[in-house]
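Given next are the chains, with one letter for each unit.
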Amino acid sequence: MGARQIEWVDIPAGALQRGTPLDQVDALTVRYAHTGVPRAWYEKETPRTQVVVPAFRLARTPVTVAQWRVFAEATGARAISGIDEHPVVGVSWDEATAYAAWIGSQLGVDARLPTEDEWERAARGDDTREFPWGDEYVTGRANLFDLGLGTTTPVGSFPDGASPFGVLDLAGNVDEWTSTLYAPYPGAPDDVPAVEDWAADPHITRGGAFRHDVDLARCARRHGAYEADLVAVGIGFRLAASNDRDSATVQSD
């Protein structure tokens with residue numbers, strides 16, 4: 001697939017069981033105690049709420065280095081090195097948003113970053129699975145710390161880790177920007193912070209990167225860019241758009 005192509009996946013309208021029930025937080029804290037994640041981080045996922053998400057489309061894989069290079073050469077944006085078929089890493093939220101606007105203008109679509117709810121809907125589908133592929137973590141279905149690679153892999157390298165809709169790399173490889181600013185979910189415990197002043201950027205990221213532990217691969221896990229070095233954090237992005245086209249692939253010559 002060329003650098004100006006996007007393979008879209010249709011995500012139908014449906015009810016997302018967003019987040020985590022408060023009465024499951026203690027069990028999560030014990031289950032992932034080896035990661036050192038404090039209980040308060042899981043509380044940010046609470047309460048579980050049914051949210052209706054309109055139909056949309058999501059790119060099957062994150063934006064690659066090759067796709068970014070075309071954008072940088074055309075617009076004068078910052079060049080980012082890497083292997084062509086690997087996801088681009090170290091992109092700021094503003095840069096990702098600029099790419100979406102540019103590629104959207106090239107293809108005649110309303111390309112954008114997904115909302116946090118759209119991301120979780122694409123990862124979770126119609127049930128309450130913990131990971132995109134099911135309820136149990138399985139090493140080898142995502143590029144995370146436990147795999148021991150220490151770097152990115154070509155996008156789409158883990159087909160067994162696909163979500164119910166066939167979206168790939170929603171767990172691991174690169175952490176992914178959403179368009180959603182951090183805020184507690186309505187009804188969250190009072191001790192969940194109203195803002196995260198320590199974050200390098202206020203937008204939510206999802207999915208975890210190659211350097212992250214398995215807890216960040218969970219469909220409900222919401223976090224952020226807590227370090228200014230976005231390359232070290234492993235942040236990339238994928239595109240979303242409204243569901244108003246007939247073909248699965250849109251191309252610009």
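Before reading further, recall that the structure is shown in the block above.
This one's a predicted model, so the numbers in the text were calculated from it and none came from an experiment.

**Details of the overall build of the protein chain**
The helix and strand tally for the protein chain stands at six helices and ten strands. Relative to its length of 253 residues, the protein chain is compact, with a C-alpha radius of gyration of 17 Å against a globular reference of 18 Å. A principal-axis box enclosing the C-alpha atoms of the protein chain has dimensions of 55 × 35 × 35 Å. Here the protein chain, with 253 residues, has 55% of them falling under the buried criterion. In the protein chain, once contacts between residues fewer than 6 apart in sequence are set aside, the share between residues at least 24 apart is 76%. Total accessible area on the protein chain is roughly 10,400 Å²; 52% of this is exposed by carbon and sulfur atoms. If the 22 positive side-chain charges of the protein chain are averaged to one point and the 38 negative ones to another, these points end up 2 Å apart.

**With respect to the packing of helix α3 (residues 65–75) against helix α4 (residues 93–107)**
Direction vectors running N to C along α3 and α4 enclose 80°, while the axes themselves pass 11 Å from each other. In terms of orientation, α3 and α4 fall into the roughly perpendicular class. Contacts between α3 and α4 pair Gln67, Trp68, Val70, Phe71, Ala74 and Thr75 from the former with Glu95, Ala98, Tyr99 and Trp102 from the latter.

**Some thoughts on unusual backbone geometry**
Following Thr46, the chain continues to Pro47 via a peptide bond in cis, the omega torsion being -5°. On the secondary structure map, Pro47 appears in the loop between α2 (39–43) and β3 (49–53). Non-glycine residue Asp169 carries a positive phi angle of around 65°. Mapped onto the secondary structure, Asp169 falls in the loop between α5 (116–124) and β5 (175–181). Asp169 sits in the buried class, given a relative accessible area of 4%. Here the phi dihedral of Asn173 falls at roughly 75°; this positive angle occurs in a residue that is not glycine. Exposure remark for Asn173: the relative accessible area of 1% places this residue in the buried category.

**Some points on α3**
Buried residues of α3: Val65, Ala66, Gln67, Trp68, Val70, Phe71 and Ala72, and no others. Contact partners of the buried residues in α3: β1 (5–11) and α4. Two residues or fewer past α3, Gly76 is found with a positive phi of approximately 80°.

**Observations concerning the environment of Val37**
Along the chain, Val37 falls in the loop between α1 (25–31) and α2. Along the sequence, Val37 and Asp213 sit 176 residues apart, while their C-alpha atoms lie 9.8 Å from each other. Apart from the residues lying within four places of it in its own chain, the contact partners of Val37 are Thr29, Tyr32, Tyr42, Asp215 and Arg221.

**Focus on the pattern of salt bridges**
Pairing of side chains with opposite charge becomes possible as their charged atoms draw close. Enumeration according to the criterion identifies 20 salt bridges in this entry. A salt bridge links Glu7 to Arg60; its shortest N-O distance comes to 2.8 Å. With Glu7 in strand β1 and Arg60 in the loop between β4 (56–59) and α3, the pair connects residues that are 53 residues apart, well separated along the chain. On the basis of relative accessibility, which here comes to 30%, the residue Glu7 falls in the partly exposed class. Here Arg60 falls in the partly exposed class, since its relative accessible area comes to 22%.

**Observations concerning the sheet that holds strand β7 (residues 223–225)**
A sheet is described by the order of its strands in space; here four strands give the open sequence β7-β6-β5-β8, paired in mixed fashion. The open sheet is flanked by β7 and β8 (235–236), the only strands paired with a single partner. With three bridges joining them, strand β6 (residues 201–206) and β7 adopt antiparallel strand pairing. Among the inter-strand pairings, Ile204 is bridged to a residue of β7, identified as Gly224. In this fold α4 packs onto β5 and β6, with an angle of close to 85° to the strand it touches most, β5.

**Some remarks on the nonpolar core**
The biggest cluster of nonpolar side chains holds 30 residues, and the ones touching the most others in it are Trp68, Val88, Tyr99, Ile103, Trp177, Phe237 and Leu239. Looking at this core, the elements with two or more residues in it are β1, α3, α4 and α6 (230–233). Not counting the four nearest positions on each side in its chain, Leu239 is found in contact with Ile6, Trp8, Arg57, Leu58, Ala59, Val63, Tyr99, Ala100, Ile103, Ala111 and Arg112. Residues Val9, Ile11, Val51 and Leu58 belong to the second largest nonpolar core, which totals 15 residues.

The rules we used
- Residues numbered from 1 in each chain as written.
- Predicted model: local features only at pLDDT ≥ 70, side-chain atom pairs only at ≥ 80, totals over all residues.
- Heavy atoms only, no water.
- Helix = DSSP H or I, 4+ residues; strand = E, 2+ residues; numbered from the N terminus.
- Rg over C-alpha atoms; globule rule 2.2 N^0.38 Å.
- Buried < 20%, exposed > 50% of the residue type's maximum accessible area, 1.4 Å probe, protein only.
- Contact = heavy atoms within 4.5 Å.
- Areas by Shrake-Rupley, 256 points an atom, 1.4 Å probe, with all protein chains shown as cover.
- Lys, Arg positive; Asp, Glu negative; His and termini not counted.
- Charge placed at Lys NZ, Arg CZ, Asp CG, Glu CD.
- Axes fitted to C-alpha atoms, helices over the stretch in contact; angles between N-to-C directions.
- Parallel < 35°, antiparallel > 145°, perpendicular 65-115°, else oblique.
- Salt bridge = Lys/Arg side-chain N within 4 Å of Asp/Glu carboxyl O.
- Pairing = 2+ DSSP bridges.
- Core = buried A, V, L, I, M, F, W, Y, C linked by side-chain atoms within 4.5 Å.

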